Amino acid sequence: MTDLTPPAKRPANPRFSSGPCAKIPGFSLDHLADAPLGRSHRAAIGKAKLREAIDLTREILGVPADYRIGIVPASDTGAVEMAMWSLLGARPVEMLAWESFGEGWVTDVVKQLKLDAKVQLAPYGQIVDFATVDFARDVVFTWNGTTSGCRLPNGDAIPASRAGLTICDATSAAFAMELPWDKLDVTTFSWQKVLGGEGAHGMLILSPRAVERLESHTPAWPLPKIFRLTSKGKLIEGIFLGETINTPSMLAVEDYLVALKWAKSVGGLHGLVNRATANARVVWEFCAANPWIANLAETPDIASTTSVCLKFTDPRITDGEAFAKAVAKRLEKAGVAYDVGAYRDAPPGLRIWCGSTVETADVQALMPWIAHAFDAEIASLAAAA
């Protein structure tokens, strides 16, 4: 008979949400004491904080000196929409998606911008074959599918001499995965993902090719103020110096700065990538040791190291969605894992955030609890039969 005794060890931090994600280790509100609250973001102190956030982002991510980095409204969504509405329409477009957020960008381009885009979709567990992509077109894609746990392993298939632009939503990849800047013309992410910052703001990174497009192309549709990156045909350089389009939260800016400085303290990008990889490896090894659970990603090379998505494979499970929800509920009730159910549009299962702010010891402590919750639910099924 299965031993249903709960594990003795518990994660010190049960926050495994895929967004907003776990704060940096040891975080406290005292870390935000230097935030210039009640001061204008246009005052010298506000501008200095915003510029520092941009400069540290460049330093840690290794963004080339001739790429622009801007802080923009509305999180990663705002950054992606700003890029698509401002840049698309000059060339044919190809949209790539392998999970719900990527499919959202497809909907916006096809139904809102009404562009005759070529669309390539891959089912959950797979990614689009980049060897089939026409990079003479502008190509829009997510680097890491936050809701599918599938990522682009590298940028090798993207030609350096491409004619079109690449627009990459990297919100659950930036700071946890290596991004090949020479293959990316527009890159976006949000603070509340890998570094566990607070929401509301997005980051927009533009290559010189993207800037050239902005200054030479006028969209066929009207642009709202918060999307406008140019004035009189020239890039608004202030946006990329900390002069934000609308009023930012200086408390959120301070929180991002704290996270960036912590990132430097753990070895910068190299240290962050290693932390996320170590966390994901714990889950991968757990799946390898237990035949009733598997990674949703069908091959190891595309398996995410941040949003690790899992599926239950035991044949005794007849209602996968109900079973997965029950397991997630048990974990939350026990106080060992919050917000680990699969995304609502994804296949039933669990989603364990393994990003760089999560401690490997906490992931290790969680695994026996998943096994315990699984056994308890299987026992419930047997009792109800």
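For the structure given in this document, a descriptive report is provided here. (Residues numbered from 1 in each chain as written. Predicted model: local features only at pLDDT ≥ 70, side-chain atom pairs only at ≥ 80, totals over all residues. Heavy atoms only, no water.)

This brings us to the overall build of the protein chain. Within the protein chain, the secondary structure is distributed over 8 helices and 14 strands. A globule of 385 residues ought to have a C-alpha radius of gyration of about 21 Å, and the protein chain, at 22 Å, matches this closely. With respect to the principal axes defined by its C-alpha atoms, the protein chain has extents near 75 × 50 × 30 Å. Buried positions account for 57% of the 385 residues belonging to the protein chain. The long-range fraction of contacts in the protein chain, counting pairs at least 24 apart against all pairs at least 6 apart in sequence, stands at 73%. Of the roughly 16,000 Å² of accessible surface on the protein chain, a fraction of 53% belongs to carbon and sulfur atoms. Placing the 38 positive and 42 negative side-chain charges of the protein chain at their respective mean positions leaves the two points 5 Å apart. (Helix = DSSP H or I, 4+ residues; strand = E, 2+ residues; numbered from the N terminus. Rg over C-alpha atoms; globule rule 2.2 N^0.38 Å. Buried < 20%, exposed > 50% of the residue type's maximum accessible area, 1.4 Å probe, protein only. Contact = heavy atoms within 4.5 Å. Areas by Shrake-Rupley, 256 points an atom, 1.4 Å probe, with all protein chains shown as cover. Lys, Arg positive; Asp, Glu negative; His and termini not counted. Charge placed at Lys NZ, Arg CZ, Asp CG, Glu CD.)

Let us look at the environment of G335. Examined against the element boundaries, G335 turns out to sit in the loop between α7 (320-333) and β14 (350-353). Between the C-alpha atoms of G335 and P11, which are 324 residues apart in sequence, the distance is 8.9 Å. Discounting chain neighbours no more than four positions away, the residues touching G335 are R10 and P14.

What follows deals with the nonpolar core. Formed by 95 residues in total, the largest nonpolar core has its most connected members in F141, W143, F175, F312, L331, L366 and I370. No other element matches the 10 residues that helix α5 (residues 250-265) contributes to this core. Leaving out residues up to four positions away in the same chain, I370 has contacts with F286, W292, I293, L331, L350 and I352. (Core = buried A, V, L, I, M, F, W, Y, C linked by side-chain atoms within 4.5 Å.)

Attention now goes to helix α2 (residues 75-87). A rise of 1.5 Å per residue sets the reference length of α2, with its 13 residues, at 18 Å; its end C-alpha atoms lie 18 Å apart and thus fit the reference within 8%. The buried count for α2 comes to 12 of 13 residues, which makes it a mostly enclosed element. Taken together, the buried positions of α2 are occupied by S75, D76, G78, A79, V80, E81, M82, A83, M84, W85, S86 and L87. Just downstream of α2, G89 is the residue with a positive phi angle, here 110 degrees. (Expected span 1.5 Å × (residues − 1).)

Attention shifts here to the sheet that holds strand β1 (residues 68-73). Taken in spatial order, the 7 strands of this open sheet run β1-β9-β8-β7-β4-β2-β3, and their pairing is mixed. On the outer flanks of this sheet lie β1 and β3 (118-121), each paired with one strand and no other. Averaged over all neighbouring strand pairs, the angle between strand axes comes to 15 degrees, with direction disregarded. Note that strand β7 (residues 166-169) and strand β8 (residues 186-190) share 3 bridges and pair parallel. Bridging from a neighbouring strand, I167 pairs with V186 of β8. Its contacts with the sheet place helix α3 (residues 100-112) against β2 (93-97), β3, β4 (138-142) and β7, and it is angled at close to 155 degrees to β2. Sheet strands touched by helix α4 (residues 208-216): β1, β4, β8 and β9 (201-206). Its angle to β9, the strand with the most contacts, is close to 95 degrees. (Pairing = 2+ DSSP bridges. Axes fitted to C-alpha atoms, helices over the stretch in contact; angles between N-to-C directions.)

Next up on the list: the sheet that holds β14. Within the open sheet, the 3 strands sit side by side as β12-β13-β14. Their pairing is antiparallel. Since the sheet does not close on itself, it has two edges, and those belong to β12 (293-295) and β14, each with one partner. Taking each pair of neighbouring strands and ignoring which way they run, the sheet shows an average axis angle of 30 degrees.

All right, on to the packing of α7 against helix α8 (residues 360-384) then. Orientation of α7 relative to α8, taken along the N-to-C sense of each, is 130 degrees, at an axis distance of 9 Å. Viewed along their axes, α7 and α8 adopt a mutual orientation that is oblique. In the packing of α7 onto α8, the handedness of the crossing is right-handed. Counted together, F323, A326, V327, R330 and L331 of α7 and L366, W369, I370, A373, F374, A376, E377, I378, S380 and L381 of α8 form the full contact between these two elements. Here the contact of α7 with α8 is built from residues that sort into 12 nonpolar, 1 polar and 2 charged. (Parallel < 35°, antiparallel > 145°, perpendicular 65-115°, else oblique. Left-handed = near helix turned anticlockwise from the far one by under 90°. Nonpolar A, V, L, I, M, F, W, Y, C, P; charged D, E, K, R; others polar.)

Here we come to the packing of helix α6 (residues 268-289) against α8. Taken N-terminus to C-terminus, the directions of α6 and α8 make an angle of 20 degrees; their axes are 9 Å apart at the nearest point. With respect to α8, the element α6 is oriented roughly parallel. As α6 packs across α8, the resulting crossing turns out to be right-handed. For the pair formed by α6 and α8, the contact residues are R275, A278, N279, V282, V283 and F286 on the first element and T360, V363, Q364, M367, I370 and A371 on the second. Along the lines of polarity and charge, the residues of the contact of α6 with α8 split into 8 nonpolar, 3 polar and 1 charged.

In this section: α3. With 13 residues, α3 extends 17 Å from end C-alpha to end C-alpha; this agrees with the ideal 18 Å at 1.5 Å per step. Along α3, the residues classified as buried are S100, G102, W105, V106, D108 and V109. Considering only its buried residues, α3 is in contact with α2, β2, β3, β4 and β7. Between the side-chain oxygen of the N-cap and the backbone nitrogen of F101 there are 3.2 Å, and the N-cap of α3 in question is E99. (Polar contact = N/O pair within 3.5 Å; in protein donor to acceptor, adjacent residues only side chain to side chain.)

Taken as a whole and judged by the stated rule, the model has 2 cavities of 30 Å³ or more. The wall of the largest cavity is formed by T147, L296, C309, L310, K311, A342, Y343, A346, P347, P348 and G349. Considered class by class, the residues forming the lining of the largest cavity number 8 nonpolar, 2 polar and 1 charged. Of the volumes computed, that of the second largest cavity is approximately 40 Å³. Lining the second largest cavity are K23, I24, F27, L195, G196, G197, D255, V258 and A259. (1 Å grid on protein atoms, 1.4 Å probe; cavity = no way out; pocket = protein on both sides within 12 Å on 5 of 7 lines; lining within 4 Å. Points joined across faces, edges and corners; volume = space filled by probe spheres on them.)

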